[in-house]
Amino acid sequence: MSDHDYRPKSKVGQWFNDRLPLLTLANHLTDYPTPKNLNYWWTFGGILTFCLITQIVTGLTLAMHYIAHADMAFESVEHIMRDVNYGWLIRYIHANGASMFFLAVYIHIFRSLFYGSYKAPREIIWIIGIIIYLLMMAAAFMGYVLPWGQMSFWGATVITNLFSAIPLVGEGIVTWLWGGYSVDNPTLTRFFTLHYLIPFLILGLVVLHIWALHVPGNNNPVGIDVKKPSKDTVPFHPYIVIKDGFALLMFMIVFAFFVFYAPNILGHADNYIEANPMVTPAHIVPEWYLLPFYAILRSVPDKLLGVVAMLSAILILAVLPWLDTSKIRSAVFRPLYKQFYWILVADVLILGYVGAMPAEGLYLLIARVATAYYFLHFLVILPVLGFKEKTLPVPLSITEPVLGGSPNLAVARNKESKIE
Amino acid sequence: MKNLFKLFSIIIFIITSNSYSFAAEKVEYLKTDWSFKGLFGKFDRASLQRGYQVYTEVCASCHSMKYLSYRNLAEPGGPEFSEAQAKAIAASFEVTDGPNSDGEMFTRPGKLSDKFVMPYDNVKAAQAANGGAYPPDMSVLVKARGGGVDYIYSLLQGYEEAPSNVSLDDGVYYNKYMYGNKIRMAAPLSDGLVEYGDGTNATVEQMSKDVTTFLMWSAEPHLEARHQMGFKAIVYLIILTVLVYFSMKKIWSRVESEV
């Protein structure tokens, strides 16, 4: 990397940089050598950063007008929607932003699964990512409680009640979480506090996530190690910046469509009814992004084992780098894994679908089969596949499949050697 | 581009699978042409004003609308009564205010800044007057029902004789669009129930459409501003995306011909 020999040009810059090397950091970030064959699935890291910043900025603005009190929360949300200048815009960006955030994170995770980005030497990046994902789910769940609608209240009741499955201390823990004997004002105020805190924890972890990424550098669609910097890489700025920017704009068009033309389609109508502890909604369903795990939870007849299964479904991802025994990263060169990958994608989508359905009859049966397959994929198929699969020959460098004697090769080399 | 197409398919899949979550229990709602749907959807001003009339003469005797103020009636994007009209409407209601300097509550004519006057003092009073059922607040009612405007529009016209195999208790009515088909509200509309100032024939269908339009506005008072801004925002984003696309092509042409 070139940052070791970086020196600012101006005297002031040098003086400052010797005391706090921020300029060295900026230089590292712009020069950061990135594999040039990254496809559009790699743009979701930047998109996710945008989502996080959007949620924090809109969230701070909403918090200036929102009142975290069981008697006033619902009304204060209506106040934001009606009387705060552009309050409707800020709230709809925040509410749909959560869905967009999860859409992007699922694509990001499944990209990682396809191209084996979680494998050595990137295990720490992956594990930090899983922790971020867990925190995102916690933040989203608590955020959904804040408007204090029917689904807020009953969703909070169902999810917090899961802790009562813990033997002996379960009931005590639930009371402690609620701050009373049911979901009520103390629950709302603490959820608001935590909902405010978690995004900043995520922000800190994102810094670590990117830091850990910048040690080995990006994986790439071919999945082989890249010499950096070399003709296989391009500097992050302007090549990746402009590409990420383009993808982000495409993403923002979809985002804007939801905010302006279908702002409530991803939510549940019941959440526009103020919370009422006396009336239980006909179906209690979480937001769409939690449905696969909700399906796993309900597919196990025993409450405690259901909770264990649901948590395992997420935590199993953290040990994925050691469950996948294949030395080859990218699914491009793994014909069998590629098929199992798409079956897993279908499996998770099916779980999401049955998670929205009543847990009975055929739906329950499908949920059980899909849950069993989910664990089968990670615990049996992946470890065995690493030993049994006949992989395709992997190219020696990414220039070989990408450029293959392109006339631009010489030009590219010249350009790169100019950029320090 | 193939990848982007795939991505788009996934997005579409997620949306459709989500909105059809409860397809099993859906009934076919009555359809009508709502002026506020679509990219440039706007409210029909006359329909909103008639809808307010239906609300205030019929619904308001039981249903509150606690998040609306009389000033909203004169605001842009709504029924857009003139300020004088809105003031007159507000003044026609008795509002309890106080306490005054003697510590007494008193009543006075309503002002623009007052919230819509509630038909009952509290939920218990509302239940007592309606056989135990609470007439829901109508401020965000269309957003609080799965079928939205189509559901409300259909429900208002869905009263019919109960089939012979359904037995109804006293004060319970049969409605083919209601969840479970049993509703505590008697058919609220009948032909000619209100007399429209603009001469529109007050059929049940017309009144249902007008009052539902009014309820859509009360739930989404900034719908018109949202549609207008949305169009501008998306056009802006598309133009910027195209420009950035060509810049990207130019920058990447230094490295290779195909991004």
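What counts and how
- Residues numbered from 1 in each chain as written.
- Chains lettered and ligands numbered in written order.
- Predicted model: local features only at pLDDT ≥ 70, side-chain atom pairs only at ≥ 80, totals over all residues.
- Heavy atoms only, no water.
- Helix = DSSP H or I, 4+ residues; strand = E, 2+ residues; numbered from the N terminus.
- Buried < 20%, exposed > 50% of the residue type's maximum accessible area, 1.4 Å probe, protein only.
- Contact = heavy atoms within 4.5 Å.
- Areas by Shrake-Rupley, 256 points an atom, 1.4 Å probe, with all protein chains shown as cover.
- Lys, Arg positive; Asp, Glu negative; His and termini not counted.
- Charge placed at Lys NZ, Arg CZ, Asp CG, Glu CD.
- Salt bridge = Lys/Arg side-chain N within 4 Å of Asp/Glu carboxyl O.
- Core = buried A, V, L, I, M, F, W, Y, C linked by side-chain atoms within 4.5 Å.
- Buried area = accessible area lost by both parts, 1.4 Å probe.
- Phe/Tyr/Trp six-rings, centres within 6.5 Å; stacked < 30°, edge-to-face > 60°.
- Lys NZ or Arg CZ within 6 Å of the ring centre and 35° of its normal.
- Expected span 1.5 Å × (residues − 1).
- Polar contact = N/O pair within 3.5 Å; in protein donor to acceptor, adjacent residues only side chain to side chain.
- Disulfide = S-S within 2.5 Å.
- Axes fitted to C-alpha atoms, helices over the stretch in contact; angles between N-to-C directions.
- Parallel < 35°, antiparallel > 145°, perpendicular 65-115°, else oblique.
- Left-handed = near helix turned anticlockwise from the far one by under 90°.
- Nonpolar A, V, L, I, M, F, W, Y, C, P; charged D, E, K, R; others polar.

1. Side note on the overall build of chain A
A tally of regular secondary structure across chain A gives 17 helices and two strands. Projected onto the principal axes, the alpha-carbon positions of chain A cover approximately 75 × 60 × 40 Å. For chain A, the proportion of its 420 residues judged to be buried stands at 56%. Considering only contacts within chain A whose residues lie at least 6 apart along the sequence, 79% involve residues at least 24 apart. By element, 71% of the accessible surface of chain A is carried by carbon and sulfur atoms, the whole surface being about 19100 Å². Looking at chain A, you have 27 positive and 25 negative side-chain charges, and the mean spots of the two groups are 13 Å apart.

2. Quick look at the overall build of chain B
The helix and strand tally for chain B stands at seven helices and four strands. Evaluated residue by residue, chain B yields a buried proportion of 41% over its 259 residues. The long-range fraction of contacts in chain B, counting pairs at least 24 apart against all pairs at least 6 apart in sequence, stands at 60%. Put simply, chain B shows about 13900 Å² of open surface, and 56% of that area lies on carbon and sulfur atoms.

3. Section: unusual backbone geometry
Residue and element names in this part refer to chain A. The step from A120 to P121 runs through a cis peptide bond, and the omega angle for that step is 5 degrees. With respect to the helices and strands, P121 occurs in the loop between α5 (87-115) and α6 (123-145). The linkage connecting H237 with the following residue, P238, adopts the cis geometry, with an omega of 5 degrees. Relative to the helices and strands, P238 resides in helix α10 (residues 236-261). Of note in this structure, W148 is not a glycine but carries a positive phi near 60 degrees. Looking at the element boundaries, W148 is found in the loop between α6 and α7 (150-161). In this structure W148 comes out as buried when scored by relative accessible area, which is 4%.

4. Structural notes on the pattern of salt bridges
Counting across every chain of the model gives 21 salt bridges over all chains. Ionic pairing is found between D324 of chain A and R334 of chain A, a salt bridge with its closest N-O pair at 3.4 Å. Taken as a pair, D324 of chain A in the loop between α13 (320-323) and α14 (335-355) and R334 of chain A in the loop between α13 and α14 lie far apart in primary sequence, 10 residues in all. Each member of the pair D324 of chain A and R334 of chain A is classed as buried. A salt bridge links E224 of chain B to R45 of chain B; the shortest N-O distance between them is 3.1 Å.

5. Here we look at the nonpolar core
Counting 140 residues, the largest nonpolar core has F102 and Y374 of chain A as its most contacted members. By residue number, the principal contributor to this core is α5 of chain A, which donates 18 residues. Within the second largest apolar cluster, 44 residues are counted, among which are V54, L141, I152 and L156 of chain B.

6. Some remarks on the interface of chain B and chain A
Each side of the interface is counted separately: chain B has 56 residues, and chain A has 61 residues. Between chain B and chain A the total buried area reaches about 5300 Å² when both faces are included, carbon and sulfur atoms providing 73% of it. Counting the contacts that link chain B with chain A gives two salt bridges. A salt bridge links E274 of chain A to K66 of chain B; the shortest N-O distance between them is 3.8 Å.

7. Remarks on the packing of aromatic side chains
Counted under the stated rule, the structure contains 48 aromatic pairs over all chains. Measuring from ring centre to ring centre gives 5.4 Å for Y239 of chain A and W252 of chain B, while their planes differ by 80 degrees; the resulting arrangement is edge-to-face. With Y239 of chain A in helix α10 and W252 of chain B in helix α7 (residues 223-252), the pair connects residues from two separate chains. Taken individually, Y239 of chain A and W252 of chain B each receive the classification buried, so the pair is uniform in this respect. Feature note: the residues Y52, Y55, Y70, F81, F93, F116, F214 and W217 of chain B constitute an aromatic cluster, connected by ring pairs. The ring of W252 of chain B has K243 of chain A sitting right over it, with the charged end atom 5.2 Å from the ring centre.

8. Quick word on α7 of chain B
Because an α-helix completes one turn every 3.6 residues, residues spaced three or four positions apart along the sequence face the same direction. When the terminal C-alpha atoms of α7 of chain B are compared, their 42 Å separation across 30 residues agrees well with the 44 Å that a helix rising 1.5 Å per residue should span. By the burial criterion, the buried members of α7 of chain B are L223, E224, R226, H227, G230, I234, L237, T241, V244, M248, I251 and W252 of chain B. Elements in contact with the buried residues of α7 of chain B: α5, β2 (233-235) and α10 of chain A together with α2 (45-57) and α6 (204-219) of chain B.

9. Brief notes about α2 of chain B
Residues and elements named next belong to chain B. For α2, with 13 residues, the first-to-last C-alpha span of 18 Å sits near the 18 Å given by 1.5 Å per residue. Looking at α2, one finds that the buried residues are S47, L48, R50, G51, Y52, Q53, V54 and Y55. Where α2 begins, one side-chain oxygen reaches toward the backbone nitrogen of A46, 3.2 Å away; that side chain belongs to D44.

10. Things to note about the state of the cysteines
All names here are of chain B. Enumeration over the complete set of coordinates arrives at zero disulfides over all chains. Free of any disulfide, C59 has its nearest neighbouring cysteine sulfur in C62, separated by 9.1 Å. C59 gets classed as buried once you look at its relative accessible area, which sits at 13%.

11. Some details on the packing of α10 of chain A against α7 of chain B
At a minimum axis separation of 9 Å, α10 of chain A and α7 of chain B run at an interaxial angle of 165 degrees. If you check the angle between α10 of chain A and α7 of chain B, you find them roughly antiparallel. As α10 of chain A packs across α7 of chain B, the resulting crossing turns out to be left-handed. For the contact of α10 of chain A with α7 of chain B, a count of residues per class yields 26 nonpolar, five polar and two charged.

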